[in-house]
Amino acid sequence: VRATWGSLAGLGATESLGPAFWHRVTELFESNDAAFQQYNTFLNRGYDVPSCDADCKALTICGLRALRAENNCQVSTPGLNIRKRDDAAVAADI
């Protein structure tokens, strides 16, 4: 982590990899698309890397910053979502 993102995020040689560092890394990802795409490649271990457009990038960065369910980045829609269960799909899982 220090070798990959440290110099790009302005990390000193003895500085902690604490919350401030990780926040600077997310700021780096916002401003430096090449760094973000490298992260995306690392995330997928370089195999079959999916493309990540601006919305995907924003959601990924938001997720890195939140890291807790109560701070998730999904936009909720008011109301109930009730769907009929697909019995054939359930039977296939058994």
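In this text, all values refer to a predicted model and were calculated from it rather than measured experimentally. (Residues numbered from 1 in each chain as written. Predicted model: local features only at pLDDT ≥ 70, side-chain atom pairs only at ≥ 80, totals over all residues. Heavy atoms only, no water.)

**Some remarks on the packing of aromatic side chains**
For any two aromatic rings, the description comes down to two numbers: the centre-to-centre distance and the angle of the planes. A complete count under the given rule lists four aromatic pairs for this structure. Plain terms: the ring middles of phenylalanine 21 and tryptophan 22 are 5.0 Å apart, the flat faces sit at 70° to each other, and that makes the pair edge-to-face. Measuring from centroid to centroid gives 6.3 Å for phenylalanine 36 and tyrosine 39, while their planes differ by 40°, and the two rings are tilted. Of this pair, phenylalanine 36 and tyrosine 39 are both found in helix H3 (residues 33–43), three residues apart, which corresponds to roughly one turn of the helix. By the burial criterion, phenylalanine 36 is buried, and tyrosine 39 matches it. Grouping aromatic residues by their ring pairs yields a cluster made of Phe29, Phe36 and Tyr39. (Phe/Tyr/Trp six-rings, centres within 6.5 Å; stacked < 30°, edge-to-face > 60°. Helix = DSSP H or I, 4+ residues; strand = E, 2+ residues; numbered from the N terminus. Buried < 20%, exposed > 50% of the residue type's maximum accessible area, 1.4 Å probe, protein only.)

**Considerations on the state of the cysteines**
Within the structure shown, the criterion is met by one disulfide. Two residues share a disulfide in this structure: cysteine 52 and cysteine 56, whose sulfurs sit 2.0 Å from each other. Residues cysteine 52 and cysteine 56 share a disulfide whose torsion about the S-S bond is about -95°; that sign makes it left-handed. Its relative accessible area of 12% is what places cysteine 52 among the buried residues. (Disulfide = S-S within 2.5 Å.)

**A word on helix H2 (residues 19–31)**
Compared with the 18 Å implied by 1.5 Å per residue over 13 residues, the 19 Å span of H2 between its first and last C-alpha is a close match. Listing the buried residues of H2 in full gives Phe21, Val25, Thr26, Leu28 and Phe29. On an axial view of H2, the arc spanned by its buried residues comes to 155°, and they lie on one face. Exposed side of H2, more than 90 degrees from the buried face: Pro19 and Ser31 are the residues found there. (Expected span 1.5 Å × (residues − 1). Arc of directions from axis to C-beta.)

The values reported here are purely geometric and, on their own, carry no functional implication.
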